[in-house]
Each structure stands twice: as structure tokens, then as C-alpha cells.
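# Report on the structure
Chain by chain, the residues:
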Amino acid sequence: MNGIIVVNAYTTTKSELNQALRLQEEFSKLNVSINILHTDEIAVLIEDGNFSFVKNFDFCIYLDKDKHILEMLSKLNIRLFNNAKAIEICDDKLLTHITLAQNSIAMPKTIGGVLCYYPNVKVKARILDNAEEQLGYPMIIKEAHGSCGKGVFLANDREELEEIAEKVKLKPHLFQQFIKSSKGKDIRVIVIGGKCIGGMLRQNDSDFRSNIEIGGTGKQFTLNKEQIAICERVADILNLDYCGIDLLIDNDNKALVCEVNSNAFFAAFEKITQINVAKIYCEYILQHIYKI
């Protein structure tokens, strides 16, 4: 029994590697050999219509967001955790929103940003007019790709909206309703194999973003039936083996899906909830691959 865990070529710090190292640790306890490989170590070669990779492994846990290597890996007869389509959808916040909206999942009101290909051309006023009219202030602006709170901005008025829109206009992005009741806080839920394993309340008193990586704190949170149901349905819609789902709570105490992360970090989650996320994920993979 053997597998590989793939991380980005430039991932080197212990905190960034924690996820892979914890999974390797738990797999070793289950007598499964795991190699952690950076994307530059899997020797991608395209020749005569064929793909050449490191081989002789039973499964791959893909913890990067390089969609091209992911797509080529998916052409091999190898089980990917998560699958390529699920990772690609989750890596694009707007595509995630579109996919979930088609399945009647409750989320903040969102407007897709219009891409600009000309650095010296200002964002059209009617784009900002529409965002103002539909969403009001404060307003969230997000780059479609990013994690740990990066590329997420808050506009309090037209001047700030114009400034942020100029900053993101050359990248895929979106405008989103600000849920005031969830300012600086959300609920991080981990789902493995279609089942919620627990929740963590994240809160940041000095920032509108709740991410622990930028100063937020966490504490154990007991999910209610509605929150469990919506998270398990999201994982099913996106066909995810593993994911972290961020929930916002509106003024009516209704759960709104904010984002879905297909390779969510779980170091803080394990520490705060005392739930062994790595072990549960490893056991799920073994049952799925080897039926044990």
C-alpha cells in the first residue's frame, strides 16, 4: 500500500507542509508508505500524446492548485483525492458560487467581476454603479483565486470601491454582499467522505476577515442540523472527498456558504477541536482504495 502527496514546488515552510506531514504521520501508523513530492519532482513529460510521471503508487493526495499538472495526473489510472474537477471549481471562488447557486445553496448575493485586459483603461462606471445598486456598502471584493484571506477586500464607499476595482480588474474577481452579522467571524466546517466531522468558530476583532492566518482566533463549535445538512450537501454537489467549508450567519441565524476550500489547512482545527482530521482522512482513503 503506497501513495504520494503532491505539494507546490515552492512550499518549504513547516506550517505550509503541516497538512502533508500530518497525513504522512497518520498513514505510517496504518502501515502505508507515503512520499511527499513537490510538483517539480513528478517529472511531467508530454511526448507523442502520452504523459510520463513518477509511477508505482496507488493513489495521490493533491494539495496544490496547479491545474495543468492536476489535469495531466488525472489522465493516469490513479485515484486522486480530491478529483481534478472538484479542485478546479473550488480554486475559483466565482465558479464555486455559480455551481452552488445552480443547486439552490444559500450564499451572499454576488456579482461576477468583468475582466479588463488593458492596464491603462479605468474600470467602467456602470460596473461600479451596478455593484452599488445591487449590494450597497460595505461591499466585499474578492479575487477569484486566493486563500488565507489574501485577495479579499472591503469597500466602505465609492472611493474605496473604485480603488479596489482598479487593483483587481486584470484578475478574475467578484463583488459580494457584506454580511454585517458575520463581520470578522465565520464557522469553518470540515467534511470528509460526505460527513461533517466538526466545526470551529473563527473570530477576528481587528479585521473583517476571520482567517486565523491573519490574526483570527478559533474555538470549538457545535453544528446544528441545518449547518450539517448544508455542508454535507455542498460536499456532495462538488464531489469532494475532503473540504473545508466557511459558513456565515445572517441576521435571521441562517447559514450562508461563503467559500469552499478543497485542501483546507487543518492544523488549527485539530488543535482547537481535538479532532484528529488527518487520521479520519487517511482511514477514509484506505477504505475507499483498499476496502479496509
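First, a word on what this report is: a plain description of the structure on this page. Keep in mind that what you see is a predicted model, and the values were worked out from it rather than measured.

This part takes up helix 9 (residues 277–290). If you check helix 9, its first and last C-alpha atoms are 20 Å apart, about what 14 residues at 1.5 Å a residue would give, namely 20 Å. Taken together, the buried positions of helix 9 are Val277, Ala278, Tyr281, Cys282, Tyr284, Ile285 and Leu286.

The omega torsion across Phe81 and Asn82 is -5 degrees, close enough to zero to call that bond cis. Its place among the elements puts Asn82 in the loop between strand 6 (79–81) and helix 3 (84–91). A cis amide bond links Tyr137 with the next residue in sequence, Pro138, at an omega value of -5 degrees. Within the secondary structure, Pro138 sits in the loop between helix 5 (125–135) and strand 8 (139–143).

So, about the packing of aromatic side chains. Under the defined criterion, the tally for this structure stands at five aromatic pairs. Ring geometry for Phe59 versus Phe81: centroids 6.3 Å apart, planes at 85 degrees, classification edge-to-face. Placement of the pair is Phe59 in strand 5 (residues 59–62) and Phe81 in strand 6, with a sequence separation of 22 residues. A residue is classified by how much of its surface remains accessible, and Phe59, at 0% relative accessible area, is buried. Where Phe81 meets Tyr284, the ring centres are 6.4 Å apart and the plane angle is 85 degrees; that geometry is what we call edge-to-face. With Phe81 in strand 6 and Tyr284 in helix 9, this residue pair connects regions lying 203 residues apart in the sequence. Taken as a pair, Phe81 and Tyr284 share a single burial class, namely buried.

The rules we used
- Residues numbered from 1 in each chain as written.
- Predicted model: local features only at pLDDT ≥ 70, side-chain atom pairs only at ≥ 80, totals over all residues.
- Heavy atoms only, no water.
- Helix = DSSP H or I, 4+ residues; strand = E, 2+ residues; numbered from the N terminus.
- Expected span 1.5 Å × (residues − 1).
- Buried < 20%, exposed > 50% of the residue type's maximum accessible area, 1.4 Å probe, protein only.
- Phe/Tyr/Trp six-rings, centres within 6.5 Å; stacked < 30°, edge-to-face > 60°.

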